[in-house]
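Structure at a glance
What follows is each chain in one-letter form.
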Amino acid sequence: MSSMSALITAVWAVAALWAVAAVQTCSLAVRRGRMAVRRNASRARATLLAAAAAGPLTAVASAFVSTPRALAAAPLLVVPAAVTLAWGLPRLRALVSALGDDPWGPSDPRTRRASAEPRLTVPPLVALTGAVMAVLVLAGGLVAALVAYGLTAAVTAALTLWAPRLRENATRAGVLRRVLIHTEQLPATGREAA
């Protein structure tokens, strides 16, 4: 196996880690119970840390294989990882610590809103896109790099614009529709009337 194909395989592994982190963070808002949210947030935090460490390490390793391609691919692996760590990790820590006080019971709307925060859910998706586009940069040339950066910018813009709508949908996803009937609204039966 050549060194370039080994590097591309390593970048695919980074992309797989980002995919798992994105699934974990995006599914937080639809968990029914507080314990499930806490467990999922802990898994998301561990996966996010692993992916954020693997991206820059792979970028450094790629410098030993092909310097021009590594320089072109490095921002796609490093910048999204740094943004994800800066925005997502504090929110995950806050969510885990808030649910540590009362881990039992159903997931309330405040927890679902915090779980669907766009600064928590969007950066892993952008990092996943960056890792996949880094494969394109490493495998191709200048045109591939321009296409990869253009696609990453387009996906980032689309996710940023859709983030409020996605948050609203995710917040409502776990809500059960309930009909409350007060006792004053019930019709009087024969026993109660007498």
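Refer to the structure presented above.
Residues numbered from 1 in each chain as written. Predicted model: local features only at pLDDT ≥ 70, side-chain atom pairs only at ≥ 80, totals over all residues. Heavy atoms only, no water.

1. Considerations on the packing of helix H1 (residues 3-26) against helix H5 (residues 118-139)
- Two numbers describe how H1 lies on H5: the axes approach to 8 Å, and their chain directions differ by 165 degrees. With respect to their mutual orientation, H1 and H5 come out roughly antiparallel. Between H1 and H5 lies a crossing of left-handed hand. (Axes fitted to C-alpha atoms, helices over the stretch in contact; angles between N-to-C directions. Helix = DSSP H or I, 4+ residues; strand = E, 2+ residues; numbered from the N terminus. Parallel < 35°, antiparallel > 145°, perpendicular 65-115°, else oblique. Left-handed = near helix turned anticlockwise from the far one by under 90°.)

2. Looking at helix H3 (residues 67-101)
- A rise of 1.5 Å per residue sets the reference length of H3, with its 35 residues, at 51 Å; its end C-alpha atoms lie 50 Å apart and thus fit the reference within 8%.
- Considering bend angle alone, the principal kink of H3 is centred on Ala73 and spans about 35 degrees; proline Pro75 follows within four residues of it. (Expected span 1.5 Å × (residues − 1). Bend = angle between axes of the 7 residues up to and from the residue.)

3. Here we look at the packing of H1 against H3
- Contact geometry for H1 and H3: axes closest at 13 Å, N-to-C directions at 15 degrees. Considered as vectors, H1 and H3 are oriented roughly parallel to each other. The interaxial crossing formed by H1 with H3 has left-handed handedness. Judged by residue contacts, Met4, Val11, Val14 and Trp18 of H1 engage Arg69, Leu77, Ala81 and Thr84 from H3.
- For the contact of H1 with H3, the residue count by class is six nonpolar, one polar and one charged. (Contact = heavy atoms within 4.5 Å. Nonpolar A, V, L, I, M, F, W, Y, C, P; charged D, E, K, R; others polar.)

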